[in-house]
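# Coordinate analysis (summary)
Now for the letters of each chain:
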Amino acid sequence: MIVGIALMLWAGWHNLRARRLAMQKAEENHVVLVPGAAGQPGQVEEGDEGEEPSLRGKVAPGFSLTTLDGKKVSLSDFKGKAVLVNFWATWCGPCKVEMPWFQEFQKEYAGQGLVILGLVDDVDAGKDTIAKVAQKAGVTYPILLADGKVQKAYGGVDVLPMSFYVDRNGVVVEETAGLGPKDEIEAHIKKAIASGGGATAAGGQ
Amino acid sequence: MRVRLAVAVLSLAFLGTSSGMRASQAGTLPMPPPSPKSYVLYVAEDHDVRAGRRTIVELRFRVANGFHVNSHTPRSELLIPTALTLDPATGVTEEAAEYPAGKSYTFSFDPSNKLDVYTGDFMVKVPVVASAGAHTIHGALHYQACDRAACYPPKDLVLQVIFTAR
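Residues numbered from 1 in each chain as written. Chains lettered and ligands numbered in written order. Predicted model: local features only at pLDDT ≥ 70, side-chain atom pairs only at ≥ 80, totals over all residues. Heavy atoms only, no water.

## Let's talk about the nonpolar core
How we decide: To form a nonpolar core, buried Ala, Val, Leu, Ile, Met, Phe, Trp, Tyr and Cys residues must be joined to one another through side-chain atoms within 4.5 Å. The cut-offs for exposure are 20% and 50% of the maximum accessible area for each residue type, with area from a 1.4 Å probe on protein chains only; residues under the lower value are buried, those over the upper are exposed, and the others partly exposed. Only runs of H or I of at least four residues qualify as helices and only runs of E of at least two qualify as strands under DSSP, and these elements are numbered from the N terminus. Contacts were defined at the residue level, with two residues in contact if any of their heavy atoms lie within 4.5 Å.
Judged by nonpolar contacts, the single largest core of 95 residues is most densely connected at Phe63(A), Val85(A), Phe87(A), Tyr154(A) and Phe61(B). Element by element, the count of residues in this core is highest for helix H2 (residues 93–109) of chain A, at 7 residues. Excluding anything up to four places from it in sequence, Tyr154(A) contacts Leu55(A), Ala60(A), Pro61(A), Phe63(A), Leu75(A), Val85(A), Phe87(A) and Phe164(A).

## Quick word on the environment of Phe102(A)
Residue and element names in this part refer to chain A. Mapped onto the fold, Phe102 is located in helix H2. Spatially, the C-alpha atom of Phe102 lies 9.4 Å from that of Gly118, the residues being 16 residues apart in sequence. Not counting residues up to four positions away in its chain, the partners in contact with Phe102 are Leu84, Asn86, Ile116, Tyr141, Ser163, Tyr165 and Ile185.

## Describing helix H5 (residues 182–194) of chain A
The α-helix winds at 3.6 residues per turn, so residues separated by three or four positions along the chain end up facing the same way. All names here are of chain A. Condition: One fewer than the residue count of a helix, multiplied by 1.5 Å, yields its expected span. What the arc describes is the spread of directions from the helix axis to the C-beta atoms.
The end-to-end C-alpha separation of H5 is 18 Å, in line with the 18 Å expected for 13 residues at 1.5 Å each. Of all the residues in H5, the buried ones are Ile185, Glu186, His188, Ile189, Ala192 and Ile193. The arc enclosing the buried residues of H5, seen along the axis, measures out at 160°, which places them on a common side. H5 presents Asp183 and Ala194 as exposed residues on the side facing more than 90 degrees away from its buried surface. Looking at the buried residues of H5, the elements they touch are strand S5 (82–88), H2, strand S6 (114–120), strand S8 (162–166) and strand S9 (172–177). Phi for Gly196, located one or two positions after H5, is positive at around 70°.

## So, the packing of aromatic side chains
The criterion, for reference: Working definition: rings of Phe, Tyr and Trp (its six-membered ring) pair if their centres are within 6.5 Å, and the pair is stacked with planes under 30 degrees apart, edge-to-face with planes over 60 apart, and tilted otherwise.
Evaluation of the coordinates by the stated rule reveals 13 aromatic pairs over all chains. Ring plane angle 20° and centroid distance 5.4 Å describe the contact between Phe61(B) and Phe122(B), whose orientation is recorded as stacked. Taken together, the residues Phe61(B) in strand S3 (residues 55–63) and Phe122(B) in strand S9 (residues 121–130) connect sequence positions 61 residues apart. Ring pairing ties together the aromatic residues Phe63(A), Phe87(A), Tyr154(A) and Phe164(A), which thus form one cluster.

## Remarks on the environment of Glu94(B)
Residues and elements named next belong to chain B. Take Glu94: it is sitting in strand S6 (residues 92–94). Between the C-alpha atoms of Glu94 and Leu78, which are 16 residues apart in sequence, the distance is 29 Å. Glu94 has contacts with Leu86, Asp87, Pro88, Ala89, Pro127, Val128 and Ile137, leaving out every residue within four places of it along the chain.

## Points about the sheet that holds S6(A)
Residue and element names in this part refer to chain A. Definition in use: Two strands qualify as a pair provided that DSSP identifies no fewer than 2 bridges between them. Note on geometry: axes are lines fitted to C-alpha atoms, helical ones only across the stretch in contact, with angles between N-to-C directions running from 0 to 180 degrees.
One open sheet accounts for 7 strands, arranged S4-S3-S7-S6-S5-S8-S9; its pairing is mixed. If you trace the sheet from one side to the other, it starts and ends with strand S4 (72–74) and S9, each paired once. Here the average twist between neighbouring strands, direction ignored, is 30°. The pairing of S6 with strand S7 (residues 143–145) spans 3 bridges and is parallel. Counterpart to Gly118 in the pairing with S7 is Ile143. This element, H2, spans S5, S6 and S8 of the sheet and lies at about 155° to S6. Sheet strands touched by H5: S5, S6, S8 and S9. Its angle to S9, the strand with the most contacts, is close to 160°.

## Describing the packing of H2(A) against H5(A)
All names here are of chain A. Note the threshold: In a left-handed crossing the near helix is turned counterclockwise from the far helix by less than a right angle, and in a right-handed crossing that turn is clockwise. Each residue gets one label: Ala, Val, Leu, Ile, Met, Phe, Trp, Tyr, Cys and Pro are nonpolar, Asp, Glu, Lys and Arg are charged, and the others, such as Gly, are polar.
Where H2 contacts H5, the two axes come as close as 11 Å, and the packing angle between them is 40°. Every pair of crossing elements has a handedness; the one defined by H2 and H5 is right-handed. Counted together, Glu98, Trp101, Phe102, Glu104, Phe105, Glu108 and Tyr109 of H2 and Lys182, Ile185, Glu186, Ile189, Lys190 and Ile193 of H5 form the full contact between these two elements. Grouping the amino acids of the contact of H2 with H5 by side-chain chemistry returns 7 nonpolar, no polar and 6 charged.

Here is the structure:
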């Protein structure tokens, strides 16, 4: 009951957050010191900053990474599929909230061509720890060990969770940073599944 | 003896060369370039102490508005504690840093998971014994920040604490 109410409140807040997200992102990245008088603390100001480059509408960067059990998995393995590329970390609370949702969606939409890949950002946590966190979240979709290069290819991934919804042609149709509502995630998945179905995967895939 | 704890504010990304840093104490810092991607600042402060005596150096930090960082003793081993590391400095004996208690915090989407965090201003105390003369302690604050719905990779806030003993 308490959890339900909390989730409702959070969902309402998230709509507001969606409007504020760009501003907040700018604020967090643009901290400016204003020199003070000698011996006095500096002041902190926050201001706007340009938006990060987006991959939306571009071919998803290809990658070939290792799973927890040592298998190689490449984005190109999933030509013709819709792929949700989700970056997460063991220390990231919001990431672990949405991972069970992804698991649900994997089961529900696998028949329609959805593949979910979880790319763990903090590989130094160790495979055992990563596996425990994934297991606790109920995840059975592939967990790939991000190699640093893939984070750079996807814009740096300086916010977690970060997800890229890749359509059947290998084009990023949506990208999100931070935890969003479950229904919004599902809408992005549907968009990726519905988009680009008539052509062969290209580019990174 | 008077030890003047001058200030080294922010990371080296803000400050440029160390030679430039000595001339860039509180009040004379140049405006930093944009996009620092720092969620914690190291705030300037002066101290007057006697030489050769154990002195608590108070290092003040400020978490950017709307963010939190894990305390030094987070409630889960998966979480990354805030931790200060200071390099040995000639003429200065440093003791282990003393951290403040954190505040209880929960993400609205996960109210059952209580966290222990720092928000706003917090202070780390470092007992030191300094000899006469000028001293610089190099160090870094390791932290990992989140806001209400997203988290950010761990960072090292590189800093220099500059003492002038009189």
